[in-house]
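Residue strings, one per chain:
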Amino acid sequence: MEGDPCTHLFFVQTGLIKIYRIDDKGREQILSFIPKGDLFPHTGLFFKETYPANAEVLEDAVLLSFPLLSYQKLMAEIPQLSVNVTKILGNKILMLQRRVTELTHKDAVQRTISAFIHLAIDHGKRNDNQVTLQLNVTNQEIADMIGISRETVSRTLNQLKKMGKIDIRNGQYIIYDIEDLKEIN
């Protein structure tokens, strides 16, 4: 939980973790979804104070918990571990820069499309240009991630469905041609 003493790093072996904060008005702001193979909190590698956000399991998960001080010692002993963590953090910085640009330069419909493109790239299963995205994520969570209303997300998805760009079946989002979806954005 946000504000708890930061004592451990967590590695996601399986499942999906939602990282979020609650603002002063009680609204949820989703910062990221942490997939299998990633770790959190990223700031825990540098700051030993408190957890900067809340973490919630969205899909059944297996997490490895590693004491922060032991992990920092291990990084000093195994330089390749530091290199790998630096790559992870570099990717996180690029993702955050992209999100800031999208939030400041795109309208709500474009932000919705961008969110689905990035979720598909990060979490989808690709078959040529078709991507199947099976995430236990609601339209409200997508809205919370990009700072718009759930209704706008639903309306945009319905519009994309009518255009034949996506389909939604059995909890899966199917993007028929991700390159085509990128072009309309």
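As a starting point, this report considers the structure included with it. As a convention, each chain's residues are numbered from 1 in the sequence order in which they are written. At least 70 in pLDDT is required for a residue's local features to be given in this predicted model, at least 80 for side-chain atom pairs to be given and counted, and no such filter applies to totals for whole chains, interfaces and linings, which use all residues. Each side-chain value is worked out from all heavy atoms of the structure, with water and hydrogens disregarded.

1. So, helix 2 (residues 79-105)
So the rule is basically this: Here a strand is any run of E in DSSP of at least two residues, a helix any run of H or I of at least four, and the numbering for each starts at the N terminus. To estimate the expected span of a helix, count its residues, drop one, and scale the result by 1.5 Å. Burial here depends on accessible area, computed with a 1.4 Å probe over protein chains only, as a share of the maximum for the residue type. Under 20% is buried, over 50% is exposed, and the range in between is partly exposed. The contact definition used throughout considers only heavy atoms, calling two residues in contact when any of these lie within 4.5 Å.
With 27 residues, helix 2 ought to run about 39 Å at 1.5 Å a step, and its terminal C-alpha atoms sit 39 Å apart, in line with that. Buried within helix 2 are the following residues: Val85, Leu89, Lys92, Met95, Arg99 and Glu102. On the buried face of helix 2, the contacting elements are strand 2 (28-34), helix 1 (68-77), helix 3 (108-123) and helix 4 (139-146).

2. Side note on the packing of helix 3 against helix 5 (residues 150-162)
Applied cut-off: Lines fitted to C-alpha atoms define the axes, with helix axes restricted to the stretch in contact, and inter-axis angles between N-to-C directions lie between 0 and 180 degrees. Each angle is binned into one of four classes, with values under 35 degrees roughly parallel, values over 145 roughly antiparallel, values of 65 to 115 roughly perpendicular, and all other values oblique. Each residue gets one label: Ala, Val, Leu, Ile, Met, Phe, Trp, Tyr, Cys and Pro are nonpolar, Asp, Glu, Lys and Arg are charged, and the others, such as Gly, are polar.
Following both chains from N to C, one finds helix 3 and helix 5 inclined at 75°, their axes separated by 9 Å at the closest point. Overall, the two elements helix 3 and helix 5 adopt an arrangement that is roughly perpendicular. Of helix 5, the residues touching helix 3 (which contributes Ala108, Val109, Thr112, Ile113 and Phe116) are Thr152, Val153, Thr156, Leu157 and Leu160. Split into classes, the residues belonging to the contact of helix 3 with helix 5 amount to seven nonpolar, three polar and no charged.

3. Some remarks on the pattern of salt bridges
Our working definition: Should a side-chain nitrogen of Lys or Arg be within 4 Å of a carboxyl oxygen of Asp or Glu, the pair is scored as a salt bridge.
As enumerated under the stated definition, the model contains twelve salt bridges in all. Lys92 is the partner of Asp38 in a salt bridge, and the nearest nitrogen-oxygen pair spans 2.9 Å. Pair noted here: Asp38 is in the loop between strand 2 and strand 3 (39-40) and Lys92 is in helix 2, with a separation of 54 residues, a long-range link. A single burial state applies to Asp38 and to Lys92, both of which are buried. Because the salt bridges share partners, they merge into one network encompassing Lys18, Glu28, Glu56 and Glu141.

4. Thoughts on the packing of helix 3 against helix 4
At a minimum axis separation of 10 Å, helix 3 and helix 4 run at an interaxial angle of 105°. Regarding the angle of helix 3 to helix 4, the classification is roughly perpendicular. Note on element contacts: helix 4 touches helix 3 through Ile142, Met145 and Ile146, opposite Arg111, Thr112, Ala115, Phe116 and Leu119. Its residues assigned to classes, the contact of helix 3 with helix 4 shows six nonpolar, one polar and one charged.

5. What to know about the packing of aromatic side chains
Each aromatic ring pair is described using two quantities: the centre-to-centre distance and the angle formed by the ring planes. Using the following cut-off: In this analysis, rings of Phe, Tyr and Trp, with Trp reduced to its six-membered ring, are considered paired at centre separations within 6.5 Å, and the interplanar angle assigns stacked below 30 degrees, edge-to-face beyond 60, and tilted for intermediate values. When the NZ atom of lysine or the CZ atom of arginine is within 6 Å of a ring's centre and also within 35 degrees of its normal, the charge is said to sit over that ring.
Summed over all chains, the structure comprises five aromatic pairs. Pairing Phe10 with Phe40 gives two aromatic rings, centres 5.4 Å apart and planes at 25°, and the pair type is stacked. Of this pair, Phe10 sits in strand 1 (residues 8-22) while Phe40 is found in strand 3, placing the two residues 30 residues apart along the sequence. A residue is classified by how much of its surface remains accessible, and Phe10, at 21% relative accessible area, is partly exposed. An angle of 55° between the planes, with centres 5.5 Å apart, marks the rings of Phe11 and Tyr71 as tilted. With a gap of 60 residues between them, Phe11 in strand 1 and Tyr71 in helix 1 connect regions that are remote in the sequence. Members of the aromatic cluster, joined through ring pairs, are Phe10, Phe40 and Tyr51. Across from the ring centre of Tyr20, 5.1 Å away, lies the NZ or CZ of Lys18, which sits over that ring.

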